[in-house]
Amino acid sequence: MVRRRRKTKKSIGLFGLFARLFFVIALVGVVIGGFWLYQLDRQVVAQFEGRKWAVPAHVYARPQEIYPGLKMDRSAFVDQLERLGYRRVSVIDRMASYLVAENSVSLVTRPYKFWQEQQPDLALRVEFSADRIRTIVNLRDSSTVSVFTLEPQLIGSLRPGQHEDRDLVNIKEVPQDFILTLLATEDRKFLKHYGVDFVGIARAMVANIKAGRVVQGGSTITQQLVKNFYLSSERTIKRKLKEMVMALLLEFHYEKYQILETYLNEVYLGQAGNRAIHGFELASKFYFGRPMRELDTHESALLVGLIKGPSYYNPLRNPERATTRRNVVIDIMQAEKTLSLEQAQKLKQAPLGVKKNTIIRKSAHPSFLDLVRRQLVQQYDENLLQSEGMSIYTTMDLVIQQAADKALKESIEKIEQSRNLENGTLQGAIVVLRASSGEILALTADRDTDFAGFNRALDARRSIGSLVKPAVYLAAFERSSQYTLMSTIADSPLTIIDDAGKKWSPGNYDKQHHGNVTLVEALARSYNIPAVRVGMDIGVDAVIDTMLKLGLTSEIKSFPSTLLGASQHTPLEVAQMFQTIANDGFNSPLRGILTVQSAADEPLERYPLTVQRVTSAASSHLLDFALKEVVKSGTARSIASQFPSDYGIAGKTGTTNDYRDSWFAGYSGDIVAVVWMGRDDNKSMGLTGASGALKVWQELFKQLRLREWPDAPPPDVNYLSVNKLTGLRTEPECELAVSIPFRSGTEPSQFQSCNQVVELELPDIISTFEMPEKVESVVDEVKDWFQVLFGGSNEDRQPTQTVDR
């Protein structure tokens, strides 16, 4: 008995030892597990409640105004609707849909909020006559409509660096049918389980074992979210266990609707180049071109079906697989009684409906987007722009932007063909703006308008040639009452000598001298020598001061060659200069942005109009008259017959040394456009401003809706009938009479009858200008500058000139 007791005691002691050891190990395990669980819990909460995603800023064109008289045919209007994701239907019974008839388009517009104004939906019929809109009728009350706006069109995004893209959607904005479809397909028990469906996991394991492969998944929507949101894609038991625990924690902390909303925005649904498409809202726009609230049932089924394999079932690459998968989802919906058998069969016959090209896949108009980004980073941190989902509403007019793209591309191709130039030789840039506000309506910087490379409109600094001459004559009007449009200027040999005795003799394009010419004729025909004479008379610095006031910002050196456009500027700078000229001397800084709004559509920034008068109204009016003469009878006269005279087209051609640059800057009413053409290697292309850039400008303005523009002179300018040869007052009915504006106090006092011959006392002709003292100290720099411009030595010879044709 004693031995048995000792043996029992010994057994109990050994058992107790193991029990205590097990307890200690279990306790350590609980502590470690608890700490691990605590760490997981902190990770779940911190990431879920923090900023979940980096959402890019979306950039939009301005709301498109549609009105009777707009130059837009039916096909162009339909194209606009398609770009906005409107659906073509046989009966317009829904928002963002349209119906096409022979000479009209009926539609229901999409409501939208712009700045702080909510725009309602409208039911309209737009009627067309040839290439214009004739009338607009309100279908709800049969009244006529003077104007309506289509919502701003997305033109691109400022994307985050991690190559993930998404558009966030609030679960309240998601159609109930879509949620039912998603839950029926991916997680029937979502509203009942606590993050993990153990019965579902067991059922999936059995099915997979029987099939010998993976045919069924047991992950809940919560688990899928955890896998995508928190974990890597590795397939291990450890990761699966972690996924299940984190799913339970997520369900413990948050409501079902929060989890589902996050899943709707996180799930991966496709690829656009190097960008991953996340979330159903962006996927809806990516595949169908419209928000998910506007999707049909079969389209929703396709998106839900993509969850199983976005690449394998990609409807753009694998439409047959995508159709099969979509139909499986439709069958599930029918089995869940959300669809009748008849409805399901009808939906399975519907086409996929995906669009081959949507703006989400590739940002349109990259040159304009580059302009917007550069203006934004002056006020916002670039990381902020790429992460906070802001909305940027720009000044872009899509109709004008598309016209500019088309004009540049097609005109360059025609010029290359007509001159037997190798395809791809020429490049170009266009800037179009509104003179009264400085709003940039279009910007194109490459003949391949979708190419996001070197931005010639913003960065190509090229000599501007004779585009400088308006500034020369404007400076003369501003600084000296002796200059009028009828001032006589000698177009005769001229030599400029620097302090070292080096000579420069400017010449005209035609290598001729035309004797005494009027100022207006000198500008219209772009004679070089008169421009240099006037510039040297009033002073090069005075001309430079005017150039800067007009809006040029690059460095301008005080050399005589500046008077013929030797300074280099970008097309955007030139556009600013001509904005001021076209706006009667009022300068408004060019801008590409109207407003900035937060992801919640709250106003953040508005870019107001700023205006400053920099030249007098009288001088501006005189210059405007002269620039219209350029089009009527001067170097741009080839376009005069293409447009009605009451459109008041004005402009200036520009051609640089050895035909390296071809320019035209022109305006009609409130619309200004600057066109540059050239070669990227800066070699000669054999084109003048008139034979190159002017052709592009002409094709652009043919596509725009131009109108008469008031041209009333300011109070201190009077129009008088003068003899166009002598500049003296004459009778209006005289054969040589022309009506010319004069600033008050500068009118000619002498009268000349129709047949009277008058001998004028002309000023002494200066044939040689000595360089002023302050320039003599930089003689060597002047010599180097001339050599860069004209090549070789400039002593005792006439260099190759800045020319115009």
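Definitions and cut-offs
Residues numbered from 1 in each chain as written. Predicted model: local features only at pLDDT ≥ 70, side-chain atom pairs only at ≥ 80, totals over all residues. Heavy atoms only, no water. Helix = DSSP H or I, 4+ residues; strand = E, 2+ residues; numbered from the N terminus. Buried < 20%, exposed > 50% of the residue type's maximum accessible area, 1.4 Å probe, protein only. Contact = heavy atoms within 4.5 Å. Core = buried A, V, L, I, M, F, W, Y, C linked by side-chain atoms within 4.5 Å. Pairing = 2+ DSSP bridges. Axes fitted to C-alpha atoms, helices over the stretch in contact; angles between N-to-C directions.

*Asks:* Hey, could you run me through the environment of Val147 in this one?
*Replies:* Structurally, Val147 can be placed in the loop between β9 (132–138) and β10 (148–150). Owing to a relative accessible area of 40%, Val147 belongs among the partly exposed residues under this scheme. A C-alpha to C-alpha distance of 7.4 Å links Val147 and Pro68, two positions 79 residues apart in sequence. Those residues in contact with Val147, other than ones at most four positions away along the chain, are Glu65, Ile66 and Tyr67.

*Asks:* What is the right way to read the nonpolar core from this model?
*Replies:* In a soluble, globular protein the nonpolar side chains are often hidden away together inside. With 124 residues, the main nonpolar core has Leu376, Ile392, Val432, Leu485, Trp697, Leu700 and Phe701 as its most contacted residues. The greatest single-element share of this core, amounting to eight residues, is contributed by helix α14 (residues 398–418). One finds Ile179, Leu225, Leu295 and Ala344 within the second-largest nonpolar core, a separate group that totals 59 residues.

*Asks:* What is the right way to look at the sheet that holds strand β11 (residues 154–158) in this model?
*Replies:* What holds strands together in a sheet is hydrogen bonding between their backbones, with the strands either parallel or antiparallel. Taken in spatial order, the five strands make up an open sheet running β11-β1-β15-β25-β26, and their pairing is mixed. Each edge of the sheet is formed by a strand with only one pairing partner; in this case those strands are β11 and β26 (603–606). Across this sheet, the average inter-strand angle for adjacent strands is 20°, counted without regard to direction. Direction of pairing for strand β15 (residues 391–394) relative to strand β25 (residues 593–597): antiparallel, over a ladder of four bridges. Within β25, the residue paired with Ile392 across the bridge is Val596. Helix α12 (residues 366–376) contacts β1 (57–60), β11, β15 and β25 of the sheet and is inclined by roughly 50° relative to β11.

*Asks:* Is there a simple way to think about unusual backbone geometry in this case?
*Replies:* Note: most peptide bonds trans; most residues except glycine with negative phi. A positive phi angle, close to 55°, is found at Ser526, a residue other than glycine. Mapping Ser526 onto the fold places it in the loop between α17 (519–524) and α18 (528–538). According to the relative accessible area criterion, Ser526 is buried, its value standing at 5%. One non-glycine residue with positive phi stands out, namely Asp658, at about 60°. Structurally, Asp658 is set in the loop between β28 (650–655) and β29 (661–668).

From the geometry alone we can't say anything about function, so treat these as descriptive.
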